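# Observations on chain architecture
Here is what each chain is made of, one letter per residue.
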Amino acid sequence: MFRKRRGAGPARSAEALRLVGVRKVHGAGGNAVTALDDVTLSLPAGSFTAVMGPSGSGKSTLLRCAAGLDRPDSGIVVVDGEEMTGASEAELTKFRRQRIGFVFQQYNLLPTLTVTQNATLPLKLARRRIDPHRTREVLALVGLADRMGHRPDELSGGQRQRVAIARALLAEPTVIFADEPTGALDTRSARDVLELLREAVHVHGRTVVMVTHDPVAASYADSVLFLADGRLAGSLAAPTVDAVAERLAHLGDPAARTTAAAADATLALGV
Ligand code: ADP
Ligand code: MG
């Protein structure tokens, strides 16, 4: 089901992301919380996937484990054919800088740096060459060509998030993870950001995994994965706003659990 894609884009068959039996417990002893419980999934390169589920269902933990920002307690994470779990901290950092982009709800820009400096910071940290023409091109793509020398506090929320997306695009990662990237934005800015993420997939061939609460945002994706209590609770291909809202409303119903079991089996087939 996850191999279906909408729209035209570079045809790629490789798997961008694989999780097998990923489990993550936060805290210890009586305070221990199982945030992810045996999550197995496979996403093809060039796909746009939304991750949805109630607050506390493990969405952020899933993204952080998949992006190598957190280490799972057990299970494996494979990005672009390379297993991240088991790598040393230094290897992981290097791998992350090359293959992974992350867009956070609160932008995570450095206040003292300009738009250009923020957007090129990961390249600088990875000691990669910074091409000024390419930088300008990507900032123009996200509509910030006339803001390159501005600092984050001179920008709107939507503009700040577009800097974060330019930063992710410039590093040319395999996978871009976005955790509620439109959560702090007005409707119009949210739409701009979602269109940029969709373009990153369908025009630039990136793989995007986006956590969202919003059925409208999820409808921009090729498919939706639902999480409940740290476990996969089903999926939806070619999601419409209504279909997503309907599934969210019934997450946790006995009928939804049956569907989820079938979806788990389908997902497992990809592994
Ligand atoms: P979501 O993004 O779906 O809201 P999270 O992945 O943030 O869910 O959290 C999943 C569960 O793990 C929640 O019960 C949350 O309270 C807990 N949790 C997340 N991060 C931590 C942490 N650093 N320390 C302790 N518990 C955490
Ligand atoms: Mg979260």
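The sections below set out a description of the structure shown in this document. (Residues numbered from 1 in each chain as written. Chains lettered and ligands numbered in written order. Predicted model: local features only at pLDDT ≥ 70, side-chain atom pairs only at ≥ 80, totals over all residues. Heavy atoms only, no water.)

### Here's the deal with the packing of helix H3 (residues 115–125) against helix H5 (residues 157–170)
Our working rule: In this analysis an axis means a line fitted to C-alpha atoms, helices contributing only their contacting stretch, and an angle means the value between N-to-C directions, from 0 to 180 degrees. Numbering of helices and strands runs from the N terminus; a helix is a DSSP stretch of H or I covering at least four residues, while a strand is a stretch of E covering at least two. Crossings are classed by handedness, with left-handed meaning an anticlockwise turn of the near helix from the far one by less than a right angle and right-handed meaning a clockwise turn. Every residue pair with non-hydrogen atoms within 4.5 Å of one another is taken to be in contact. Throughout, the ten residues Ala, Val, Leu, Ile, Met, Phe, Trp, Tyr, Cys and Pro are labelled nonpolar, Asp, Glu, Lys and Arg are labelled charged, and all others, Gly among them, are labelled polar.
Close contact between H3 and H5 brings their axes to 8 Å; oriented N to C, the two are set at 35 degrees. Here H3 and H5 pass one another in a crossing that is right-handed. Contact residues: Val-115, Asn-118, Ala-119, Thr-120, Pro-122 and Leu-123 in H3; Val-163, Arg-167 and Leu-170 in H5. Of the residues in the contact of H3 with H5, the class split is 6 nonpolar, 2 polar and 1 charged.

### Overview of the packing of aromatic side chains
The line we're drawing: A pair of aromatic rings is counted whenever rings of Phe, Tyr or Trp (Trp by its six-membered ring) have centres within 6.5 Å, and the orientation is called stacked for planes under 30 degrees apart, edge-to-face for over 60 and tilted otherwise. Accessible area is worked out with a 1.4 Å probe on protein chains only. A residue is then buried under 20% of its type maximum, exposed over 50%, and partly exposed in between.
Taken as a whole, this structure holds 2 aromatic pairs when the rule is applied. When the ring of Phe-102 is compared with that of Phe-104, the centres are 4.5 Å apart and the planes differ by 25 degrees; the resulting orientation is stacked. A relative accessible area of 22% means that Phe-104 is categorised as partly exposed. Chaining the aromatic ring pairs together yields one cluster made of Phe-102, Phe-104 and Phe-177.

### Side note on the pattern of salt bridges
Heads up, the rule is: One speaks of a salt bridge when a side-chain nitrogen belonging to Lys or Arg is within 4 Å of a carboxyl oxygen belonging to Asp or Glu.
Inspection of every chain in the model, using the stated rule, returns 10 salt bridges. The salt bridge involving Asp-37 is made with Arg-23; its shortest N-O contact spans 3.4 Å. Taken together, the residues Asp-37 in strand S2 (residues 33–44) and Arg-23 in strand S1 (residues 15–26) connect sequence positions 14 residues apart. One salt bridge connects Asp-131 with Arg-129, and the closest N-O pair in it is separated by 3.9 Å. The exposure class of Asp-131 is partly exposed, given its relative accessible area of 26%. Given a relative accessible area of 68%, Arg-129 falls into the exposed group. Here the residues in one salt-bridge network are Arg-23, Asp-37 and Arg-231, joined through shared partners.

### Focus: the site of ligand 1
Convention followed: One heavy atom suffices: a residue is near a molecule or strand as soon as one of its heavy atoms comes within 4 Å of it. As used in this structure description, the phrase polar contact means that two N or O atoms lie within 3.5 Å; if the pair is within protein, one of them must be able to donate a hydrogen and the other to accept it, and residues adjacent in sequence are counted only when both atoms belong to side chains.
Close to ligand 1 lie His-26, Val-33, Ala-35, Pro-54, Ser-55, Gly-56, Ser-57, Gly-58, Lys-59, Ser-60 and Thr-61. In this structure, an oxygen atom belonging to ligand 1 sits 2.9 Å away from a main-chain N or O atom of Ser-60. At the level of elements, S2 and helix H1 (59–66) are the ones that each hand at least two residues to the shell around ligand 1. Here the shell around ligand 1 takes 3 residues from H1, the largest share from any one element.

### Re the sheet that holds S2
Heads up, the condition is: Any two strands with at least two DSSP bridges between them are considered paired.
On the basis of which strands lie adjacent, the open sheet formed by 4 strands has the order S2-S1-S4-S5 and antiparallel pairing. The open sheet is flanked by S2 and strand S5 (82–83), the only strands paired with a single partner. Inspection of the sheet shows strand S4 (residues 74–79) paired to S5 by 2 bridges, in the antiparallel sense. Residue pairing across strands places Val-79 opposite Glu-82, the latter belonging to S5. Contacting S1, S2 and S4, H1 crosses the sheet at an angle of about 120 degrees to S1.

### So, the environment of Arg-99
Structurally, Arg-99 can be placed in helix H2 (residues 89–99). Every residue in contact with Arg-99, bar those within four places of it in the chain, is listed here: Val-79, Asp-80, Glu-82, Pro-173, Thr-174 and Val-175.

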